[in-house]
Amino acid sequence: MLSREQNIEVAGEAENGLQAIAKADELKPDIILMDLRMPVMDGVQAMQKIKQTHPEIKFIVLTTYDTDEYIFKGIEAGARAYLLKDSPREELFRAIRAVYRGESLIEPAIVGKVLDRLVELSHQGTTAGLSKREIEVLELVAKGTGNKTIADTLKISESTVKTHIQSIFQKLDVNDRTEAVTTALSKGIIHL
């Protein structure tokens, strides 16, 4: 199908990730269409290995797997496009041309999952991984509230407050309450 398309030349084929690495070394293609699940070595590992020696090669994931795990592993490994095998062939041709021009293309069915993940990651970045309860504790600490009063206010035990504070220290990489508050304020996690 690809070899019949104008301006696209099939340089070679591989049956598994190890063969894909060898073919990439030998043929140095512009673009590799990579499945994610293959025998011997999976597509993610193969892309990572190829990227180490041939950073100029671009990848398009062409797979049957649309779960979050596969999508993000493929993109993190360097895929510039992500298509499902049941995509219309015109979509594949469009992806090849787009990736060749330096663009990215993700199948519409996958885009929603990618956007959801970006929102989740951006939220984690602004909270430094702190839970909602830890942020509530930290806000009370910032007001100078003691552990017993925090426990009474949030209707939790004082030992739970101490556990939350230790977790906050660890997540913010700080050693005391003042440093925790200062760090949280500077990162925009809490506001006074």
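The shown structure was predicted, so the numbers you read here are calculated from the model rather than taken from an experiment.

Visitor: Hey, could you run me through the layout of surface pockets in this one?
Guide: A volume near 970 Å³ is recorded for the largest pocket. Every residue lining the largest pocket is counted, 28 residues in all, and those nearest its centre are Val10, Gly12, Ile31, Ile32 and Leu33. Only helix 1 (17-27), strand 1 (31-34) and helix 4 (89-100) provide two or more residues apiece to the lining of the largest pocket. Considering only residue class, the lining of the largest pocket consists of 17 nonpolar, three polar and eight charged. Computed from the structure, the second largest pocket encloses a volume of approximately 240 Å³. Looking at the second largest pocket, it is lined by 14 residues, and the ones nearest its centre are Phe72, Ile75, Glu76, Ile106 and Val114. Of all the secondary structure elements, the ones that give two or more residues to the lining of the second largest pocket are helix 3 (68-76), strand 3 (79-84) and helix 5 (108-127). Grouping the constituent residues of the lining of the second largest pocket by class yields nine nonpolar, two polar and three charged.

Visitor: Can you help me understand helix 4 in this one?
Guide: Count 3.6 residues to each turn of an α-helix, and residues three or four apart come out pointing the same way. The terminal C-alpha atoms of helix 4, which comprises 12 residues, lie 17 Å apart, in line with the 16 Å expected from a rise of 1.5 Å per residue. Those residues of helix 4 that sit buried are Glu91, Leu92, Phe93, Ala95, Ile96, Ala98 and Val99. In the stretch just after helix 4, Gly102 is the one whose phi turns positive, near 95°.

Visitor: Where do I start with the pairing of strand 1 in this structure?
Guide: Two faces belong to every sheet, and in a regular strand the side chains alternate between them. With four bridges connecting them, strand 1 and strand 2 (residues 58-63) associate as parallel partners. Bridged to Met34 within strand 2 is Val61. Taken together, strand 1, helix 2 (residues 43-53) and strand 2 form a β-α-β motif whose crossover is right-handed.

Visitor: Would you take a moment to explain the pairing of strand 3 for this structure?
Guide: The buried fraction of strand 3 amounts to five of the six residues, a majority that puts the element mostly inside the structure. The pairing of strand 2 with strand 3 spans five bridges and is parallel. By the bridge assignment for strand 3, Phe59 is matched with Ala79. As paired strands, strand 3 and strand 4 (residues 105-106) are joined by two bridges and run parallel to one another. Each bridged residue has a counterpart across the sheet, and for Tyr82 the counterpart in strand 4 is Ile106. Viewed along the sheet, the connection from strand 3 through helix 4 into strand 4 turns out left-handed.

How each quantity is defined
- Residues numbered from 1 in each chain as written.
- Predicted model: local features only at pLDDT ≥ 70, side-chain atom pairs only at ≥ 80, totals over all residues.
- Heavy atoms only, no water.
- 1 Å grid on protein atoms, 1.4 Å probe; cavity = no way out; pocket = protein on both sides within 12 Å on 5 of 7 lines; lining within 4 Å.
- Points joined across faces, edges and corners; volume = space filled by probe spheres on them.
- Helix = DSSP H or I, 4+ residues; strand = E, 2+ residues; numbered from the N terminus.
- Nonpolar A, V, L, I, M, F, W, Y, C, P; charged D, E, K, R; others polar.
- Expected span 1.5 Å × (residues − 1).
- Buried < 20%, exposed > 50% of the residue type's maximum accessible area, 1.4 Å probe, protein only.
- Pairing = 2+ DSSP bridges.
- Right-handed = clockwise from strand over helix to strand, strands pointing away.

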